[in-house]
Amino acid sequence: MTSLWKQLVIVFLLILAAPDLLLADQATSDEKTTVDTEKVQREKLMQAKNLIASRNSTEAISLIDQTLEYYRTIYPDGKTRWYVARTPEETFYYMTSSAILPDSTSDKKDAATLYVAWAEAYFLKGYAYVELGQINEAKAALEQALYLTPQNANYMIELAEVSKLERDWGEAYRLYTQAEEATRFSPLDEKASDLSHAKRGQAFVFIEQGKLNEAEKILKQC
């Protein structure tokens, strides 16, 4: 092959490859944009945490709502059942469960797992409402958080704490025991804390019900 032909072949191959190269560049750009915008949302939630700590929960909720609107916009309610996970094991559980046990009452056709702060935003909103004494709103926000991440022991525990405020001991105990089971999906650095909190919650319910022997057994496990 002559030098000219070699040059023509190289140019031809570059032309064929150009769309793929452009797509690769675009994908890299999109990924960077996603990472950057996710960082912005997490920074907003950190500001909201600080506002709640300084007893500015109303202002915190306003900031959290901005983050929730962002997620609702890029992950719209439609045919996809969105999950939020913290670990690969949790992701595997959600995707497998969706494939094996699809919700026949839902119009969701697909399932996707995200590693974003969407559920955390609802959790913080629930916590802020608790601080404001608005229990019904707190429950609604925490239930939304658990809808996105159904095996999050920490969120179950917080919802159980709300039931405790309502003195609904049966519901509180149910949530604490569910949280204990869900700790198998807790990240390693959170597992012991989640498990201990779930068990202490069960013991608290038993004490309120006058079941002191049962409470003692669980506290010894702690």
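Before reading further, recall that the structure is shown in the block above.
As a starting point, this report considers the structure included with it. (Residues numbered from 1 in each chain as written. Predicted model: local features only at pLDDT ≥ 70, side-chain atom pairs only at ≥ 80, totals over all residues. Heavy atoms only, no water.)

## A short note on the overall build of the chain
Along the backbone of the chain there are nine helices and two strands. In the chain, which comprises 222 residues, the proportion classed as buried is 35%. Within the chain, residue pairs in contact and separated by at least 24 positions form 62% of the contacts whose partners lie at least 6 positions apart. (Helix = DSSP H or I, 4+ residues; strand = E, 2+ residues; numbered from the N terminus. Buried < 20%, exposed > 50% of the residue type's maximum accessible area, 1.4 Å probe, protein only. Contact = heavy atoms within 4.5 Å.)

## Focus on a nonpolar patch on the surface
Together, Ile207, Leu212 and Leu219 make up a nonpolar patch on the protein surface, roughly 280 Å² of accessible area in all. Tracing the chain through its elements places Leu219 in helix 9 (residues 212-221). Of the residues examined, Leu219 reaches a relative accessible area of 42% and is grouped as partly exposed. (Patch = residues over 30% accessible without salt bridge, like charges linked within 9 Å, V, L, I, M, F, W, Y side chains within 5 Å. Areas by Shrake-Rupley, 256 points an atom, 1.4 Å probe, with all protein chains shown as cover. Salt bridge = Lys/Arg side-chain N within 4 Å of Asp/Glu carboxyl O.)

## A word on the environment of Gln47
Along the chain, Gln47 falls in helix 1 (residues 3-53). In this structure, the C-alpha to C-alpha distance between Gln47 and Leu63, residues 16 residues apart in sequence, is 8.1 Å.

## Some points on the packing of aromatic side chains
Scanning all chains against the criterion turns up eleven aromatic pairs. Between Tyr71 and Tyr75 the ring centres are 6.4 Å apart and the planes differ by 15°, which places this aromatic pair in the stacked class. An aromatic cluster is built from Tyr70, Tyr71, Tyr75, Trp82 and Trp118, whose rings are joined through pairwise contacts. The ring centre of Tyr83 lies 4.1 Å from the NZ or CZ of Arg81, which sits over that ring. We note Lys164 situated over the ring of Phe204; from NZ or CZ to the ring centre the distance is 4.2 Å. (Phe/Tyr/Trp six-rings, centres within 6.5 Å; stacked < 30°, edge-to-face > 60°. Lys NZ or Arg CZ within 6 Å of the ring centre and 35° of its normal.)

## Considering the pattern of salt bridges
The final tally for this structure, using the stated rule, is twelve salt bridges. A salt bridge links Lys139 to Glu166; the shortest N-O distance between them is 3.4 Å. Highlighted residues: Lys139 in helix 5 (residues 135-148) and Glu166 in the loop between helix 6 (153-165) and helix 7 (169-182), separated in sequence by 27 residues. You can call Lys139 partly exposed: its relative accessible area is 24%. Salt bridges here are not isolated pairs; linked through shared partners, they connect Glu38, Arg42, Lys49 and Glu120.

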